[in-house]
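Chain by chain, the residues run as shown.
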Amino acid sequence: MTEITPPARVAFVGLGVMGAAMAANLRRAGFALAIHSRSRGKAAALEAAGASWCDSGAQAAQGSAIIGLCVPDTPDVEAAIFGPGGIAEGVAKGAIVIDFSTISAKETAGFAARLLEERGAYLLDSPVSGGPQGAIDGILTCMVGGERAAFDAAAAFFGAVGRTVTHLGPAGSGQVCKSANQLIICATLVAVSEAMALGQKAGLDPEAMRGALTGGSADSFVLRNHAKRLLDGKFTPGFRAELMRKDIRLAAQAIRDHGVFGPATAMSAPLLELVCNQGAGKDDLVALGRMIGELSGV
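Presented here is an overview of the structure given in this document. (Residues numbered from 1 in each chain as written. Predicted model: local features only at pLDDT ≥ 70, side-chain atom pairs only at ≥ 80, totals over all residues. Heavy atoms only, no water.)

What follows deals with the overall build of the protein. Each helix and strand counted, the protein has 15 helices and nine strands in total. Here the protein has a C-alpha radius of gyration of 20 Å; the compact-globule value for 298 residues is 19 Å, and the two agree. If one aligns the C-alpha atoms of the protein with their principal axes, the spans along those axes are about 65 × 45 × 35 Å. Taking as baseline every contact in the protein between residues at least 6 positions apart, the subset at least 24 positions apart corresponds to 66%. Carbon and sulfur atoms form 55% of the exposed surface of the protein, whose accessible area is close to 13100 Å². (Helix = DSSP H or I, 4+ residues; strand = E, 2+ residues; numbered from the N terminus. Rg over C-alpha atoms; globule rule 2.2 N^0.38 Å. Contact = heavy atoms within 4.5 Å. Areas by Shrake-Rupley, 256 points an atom, 1.4 Å probe, with all protein chains shown as cover.)

This is how it looks when you write it as structure tokens:
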């Protein structure tokens, strides 16, 4: 495979907050961009920037060397690729589908095998980290699984949306890495929230305590950012708690699939279920920290 570079035609399917930002960066990079989403209203700004609207994923895939995809969950990915009017109906042999969604690693491997067998096209799984702002700025972390030659051919495409792009192995490998990423964030947030509640109950100034901790070995992105949001009472997403619940369910499945002793997953998963069951699923993930504080009497 040769590298696919602008002005080649590429496509993007799924124009939510993350997908629309990634698609905009592909257009700015000089790719000829075809787009499709369930709601055309989300495509207005991209159309104004020169992207071509398509009435289906199949139409977007036709003539596109690479098709990006970003939708909420595993069934959505299956429908977007293999459902009626899906990408598989229009994708050419040798084309590359890059799925930026966070979904099941096991199902991803099956989708990749099916797409290659039925259409001769390649599926790369590339869940991302960096949030909406990282998508807007084009500096996402992309954790990629799938055929190495397809990954190399898509270097310019990845370069338009991400800053840290790592090939991790065969199909599903990116999803396993993303599960690890989400697990670390959740387990750290639980520990940070518990620590902040301890300090407050003991009479420490929480912001002074956070400042002290960021200067030592306990420093982390979660302590610097999520704990700050927690102390400021900023619970508008961000990244919704219900989405992290979905991701931790995926992580728990991966833990089971690979026979890993998972105490951190066992701790984090039920707490996220509780947060969402209490009606805070659409709040930012730091609602988990708020709940820990409330249960601590803070």
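On we go from here.
On to the packing of aromatic side chains. One pass over the full model with this rule turns up six aromatic pairs. A centroid spacing of 6.4 Å and a plane angle of 10 degrees characterise the contact between Phe100 and Phe157, whose relative ring orientation is stacked. You can see Phe100 sitting in the loop between strand 5 (96–99) and helix 6 (105–119) and its partner Phe157 sitting in helix 9 (residues 155–161), a full 57 residues away along the chain. In this structure, Phe100 and Phe157 share a single accessibility class: buried. Among the aromatic residues, those joined into a ring-pair cluster are Phe12, Phe31, Phe100, Phe151, Phe157 and Phe158. The lysine or arginine in question, Arg114, covers the ring of Phe82, its NZ or CZ lying 3.9 Å from the ring centre. Directly above the ring of Phe235 sits Arg290, whose terminal nitrogen or CZ lies 4.3 Å from the centroid. (Phe/Tyr/Trp six-rings, centres within 6.5 Å; stacked < 30°, edge-to-face > 60°. Buried < 20%, exposed > 50% of the residue type's maximum accessible area, 1.4 Å probe, protein only. Lys NZ or Arg CZ within 6 Å of the ring centre and 35° of its normal.)

Here we take up the state of the cysteines. Under the defined criterion, the tally for this structure stands at zero disulfides. Cysteine Cys70 is unpaired, with the sulfur of Cys142 as its nearest cysteine sulfur at 11 Å. A relative accessible area of 16% means that Cys70 is categorised as buried. (Disulfide = S-S within 2.5 Å.)

Scanning the entire structure with this criterion turns up 14 salt bridges. Across the pair Asp152 and Arg148 runs a salt bridge, and its minimum N-O distance is 3.1 Å. One end of the pair, Asp152, and the other, Arg148, are both in helix 8 (residues 148–153), four residues apart, so they sit about a helical turn from each other. In this structure Asp152 comes out as partly exposed when scored by relative accessible area, which is 39%. The exposure class assigned to Arg148 is partly exposed, which follows from its relative accessible area of 43%. Two residues, Lys246 and Asp247, come together in a salt bridge whose shortest N-O distance is 3.0 Å. (Salt bridge = Lys/Arg side-chain N within 4 Å of Asp/Glu carboxyl O.)

Taking 1.5 Å of rise per residue, the 12 residues of helix 12 (residues 221–232) would be expected to cover 16 Å, and the 16 Å separating its terminal C-alpha atoms lies within 8% of that figure. Buried residues of helix 12: Val222, Leu223, His226, Ala227 and Leu230, and no others. Seen end-on, helix 12 carries its buried residues on one side only, within an arc spanning 110 degrees. Residues of helix 12 that are buried sit in contact with helix 10 (173–201), helix 11 (206–214) and helix 15 (287–295). Gly233 sits one or two residues past helix 12 and shows a positive phi near 70 degrees. (Expected span 1.5 Å × (residues − 1). Arc of directions from axis to C-beta.)

So yeah, pure geometry; function would need other evidence.
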